Amino acid sequence: MASTVTRRSCTKCSKGVGVAICDGCQQSFCIKHFDEHRQELVQQLEHVGLEHDLLRRDLNQPNIDQHLLIRIDTWEQEAIARIQAVANTARNDLRQLVDRRKEEIKKSVSKITDDLQSCRESFDFTELDIKKWSQQLEELRKSFESSSSFCIVEDDKSKSSISIIQVYDRQYLRSNNISIESSRRSSVTAVQRSNSVLAFNEKFDEIDGKAKTSEENLLVTCYSRTFLFPAIIYGINLYSTGIHRIKFRIENIKNSIFFGISTSSDKIRKADMFDTSLYGWWDIVRSVVASELHKSDDKKILETGDEVTLIVDCNDQQIQLQHHRTNRLVQLYIDGEICPFPWRIVVKLRAEGDSVRILH
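Residues numbered from 1 in each chain as written. Predicted model: local features only at pLDDT ≥ 70, side-chain atom pairs only at ≥ 80, totals over all residues. Heavy atoms only, no water.

(A) Representation of the overall build of the protein chain within the structure. Scanning the protein chain from N- to C-terminus turns up five helices and 17 strands. Across the 360 residues of the protein chain, 28% fall into the buried class. Across the protein chain, contacts joining residues at least 24 apart in sequence account for 64% of those joining residues at least 6 apart. Carbon and sulfur atoms provide 51% of the accessible area of the protein chain, an area that totals close to 24,600 Å². (Helix = DSSP H or I, 4+ residues; strand = E, 2+ residues; numbered from the N terminus. Buried < 20%, exposed > 50% of the residue type's maximum accessible area, 1.4 Å probe, protein only. Contact = heavy atoms within 4.5 Å. Areas by Shrake-Rupley, 256 points an atom, 1.4 Å probe, with all protein chains shown as cover.)

(B) Representation of the sheet that holds strand 12 (residues 292–293). Strand order across the open sheet formed by seven strands is 4-7-16-9-10-11-12, with antiparallel pairing between neighbours. Edge strands, defined here as strands with exactly one partner in the open sheet, are strand 4 (204–208) and strand 12. The sheet contact formed by strand 10 (residues 279–282) and strand 11 (residues 286–289) spans four bridges and is antiparallel. In the strand pairing of strand 11, Trp281 is matched with Ser287. (Pairing = 2+ DSSP bridges.)

(C) Quick look at the packing of aromatic side chains. Following the criterion strictly, the structure yields five aromatic pairs and no others. The interplanar angle of 55° and the centroid separation of 6.4 Å between the aromatic rings of Phe29 and Phe34 together place this pair among those described as tilted. What makes Phe34 partly exposed here is its relative accessible area of 25%. Seen in terms of ring centroids, Phe123 and Phe125 are 5.5 Å apart; in terms of plane orientation they differ by 65°. Their pairing is edge-to-face. A relative accessible area of 69% means that Phe123 is categorised as exposed. With relative accessibility at 32%, the residue Phe125 sits in the partly exposed group. Against the face of Trp282 rests Arg350, its NZ or CZ located 4.1 Å from the ring centre. (Phe/Tyr/Trp six-rings, centres within 6.5 Å; stacked < 30°, edge-to-face > 60°. Lys NZ or Arg CZ within 6 Å of the ring centre and 35° of its normal.)

(D) Summary view of unusual backbone geometry. Cis geometry is found at the peptide bond from Phe341 to Pro342, where omega equals -5°. If you trace the backbone, Pro342 turns up in the loop between strand 15 (328–333) and strand 16 (343–349). One non-glycine residue, Ala290, adopts positive backbone phi at about 50°. With respect to the secondary-structure elements, Ala290 resides in the loop between strand 11 and strand 12. Its identity as a non-glycine residue notwithstanding, Ser291 has a phi of 70°, on the positive side. Along the chain, Ser291 turns up in the loop between strand 11 and strand 12.

(E) Here's a closer look at the pattern of salt bridges. Inspection of the entire model under this criterion finds 13 salt bridges. Between Arg286 and Asp283 there is a salt bridge; the shortest N-O distance is 4.0 Å. Owing to a relative accessible area of 1%, Asp283 belongs among the buried residues under this scheme. The residue Arg328 makes a salt bridge to Asp298 at a minimum N-O spacing of 3.3 Å. A residue pair is termed long-range when its members are at least 10 positions apart, and Arg328 in strand 15 and Asp298 in the loop between strand 12 and strand 13 (307–313) qualify at 30 residues. Judged by relative accessible area, which is 42%, Asp298 ranks as partly exposed. Shared partners join several salt bridges into a network, and the residues in it are Glu215, Lys247, Arg249, Glu251, Glu307 and Arg357. (Salt bridge = Lys/Arg side-chain N within 4 Å of Asp/Glu carboxyl O.)

(F) Just helix 2 (residues 66–122), in detail. Taking 1.5 Å as the rise per residue, helix 2 with 57 residues should run 84 Å; its terminal C-alpha atoms sit 83 Å apart, in good agreement. Listed as buried for helix 2 are Ala79, Ile105, Ile112 and Cys119. Among the structural elements, helix 3 (127–145) are those in contact with the buried residues of helix 2. (Expected span 1.5 Å × (residues − 1).)

(G) Representation of a nonpolar patch on the surface. On the surface, Val17, Val19 and Ile31 cluster together to form a nonpolar patch covering roughly 270 Å² of accessible area. Summarising the element assignment, Ile31 is placed in helix 1 (residues 31–59). (Patch = residues over 30% accessible without salt bridge, like charges linked within 9 Å, V, L, I, M, F, W, Y side chains within 5 Å.)

(H) Geometry of the side chain of Ser262. Inspection of the secondary structure assignment puts Ser262 in strand 9 (residues 257–263). In this structure Ser262 comes out as buried when scored by relative accessible area, which is 1%.

(I) Main features of the nonpolar core. Residues Phe248, Ile257, Phe259, Ile261 and Val356 are the most contacted members of the largest nonpolar core, which totals 36 residues. Top element by residues in this core is strand 16. It accounts for four residues. Residues in contact with Phe259, not counting those within four places in the same chain, are Phe248, Ile250, Gly280, Trp281, Leu302, Val308, Leu321, Val346, Val347 and Val356. Core analysis: the next-biggest nonpolar cluster, separate from the first, contains seven residues, Tyr234, Phe258, Val288 and Val346 among them. (Core = buried A, V, L, I, M, F, W, Y, C linked by side-chain atoms within 4.5 Å.)

(J) Fine view of the packing of helix 2 against helix 3. It is at 11 Å that the axes of helix 2 and helix 3 come closest, and there the two elements cross at 160°. Taken together, helix 2 and helix 3 sit at an angle that is classed as roughly antiparallel. In the crossing of helix 2 with helix 3, the sense of the turn from one axis to the other is left-handed. Residues Arg101, Lys102, Ile105, Ser108, Val109, Ile112, Asp115, Leu116 and Cys119 of helix 2 form the contact with helix 3, whose participating residues are Trp133, Gln136, Leu137, Leu140, Ser143 and Phe144. Counted by class, the contact of helix 2 with helix 3 contains nine nonpolar, three polar and three charged residues. (Axes fitted to C-alpha atoms, helices over the stretch in contact; angles between N-to-C directions. Parallel < 35°, antiparallel > 145°, perpendicular 65-115°, else oblique. Left-handed = near helix turned anticlockwise from the far one by under 90°. Nonpolar A, V, L, I, M, F, W, Y, C, P; charged D, E, K, R; others polar.)

This is the structure we're talking about:
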């Protein structure tokens, strides 16, 4: 029995025999319409080539959204204006503080002037008077020439702080399911920490005395009364550059607690008098400079539950201690010869049960 051959007709005319099949569209064409179909494909290719050339040309041209550039320029000008306004206010405040200090010194000098004139005229003075006046003048001279009475504090929480502007790829945010608000918060936090780094990896390390650490060396507790020889606890980090903030919470306090620094080049000592590189404060009110204790009539202010932040400023060679409950801030400049880099934090405990925690 003879087989029947079924032939496909031309897609275009439906009359001619489809002698050619296009591999792309899988349609059959007669000879005439197959040539026309190829010409159509050539025209489509030319169109694609034209779009290709136009895109390459546009990619070589500056094509940034002017609206976004204007927004960035506007933010820059506003930020500069705010910085200048804050700087001018700070300059004026500094001038007023310096002028006020000068007036106070002038009053003291006038009193000495009157005493000198009176005693010179009456010839009524002794070596003790001369020594007293000399000491007074020396102290006034130091007060006049020293800038340690003034300090600059950067307030991260101030409403006048400059908001951070950043440019985001919306496709990246969408693909990673990140909202613009959360991205803005995380980026601002990163920028703020770049100026004053929170020492997240700080822990208590070496101990000399009757104290022990716990909770992954973030908590230290004194386990015996050690008034004459307080327990000395050093931090694990070494600081030589930058500004670092170490935050503590006083879990319990019965006596006095010391916060400060010393050089890591010194070996651990057993008494204050041997640690010549020690700088800091007992209870904030009594400063220690090169291991020398400066007495104060101020009452102790540290209480259980208080939080303090030790600011280690290697750039300006100073340390600060902020008491958050009273918002009190004290400051000490460090003599680099007495306390060379690198520095490490020091905490001292005297009473049984006193304990301090490093907060991260």
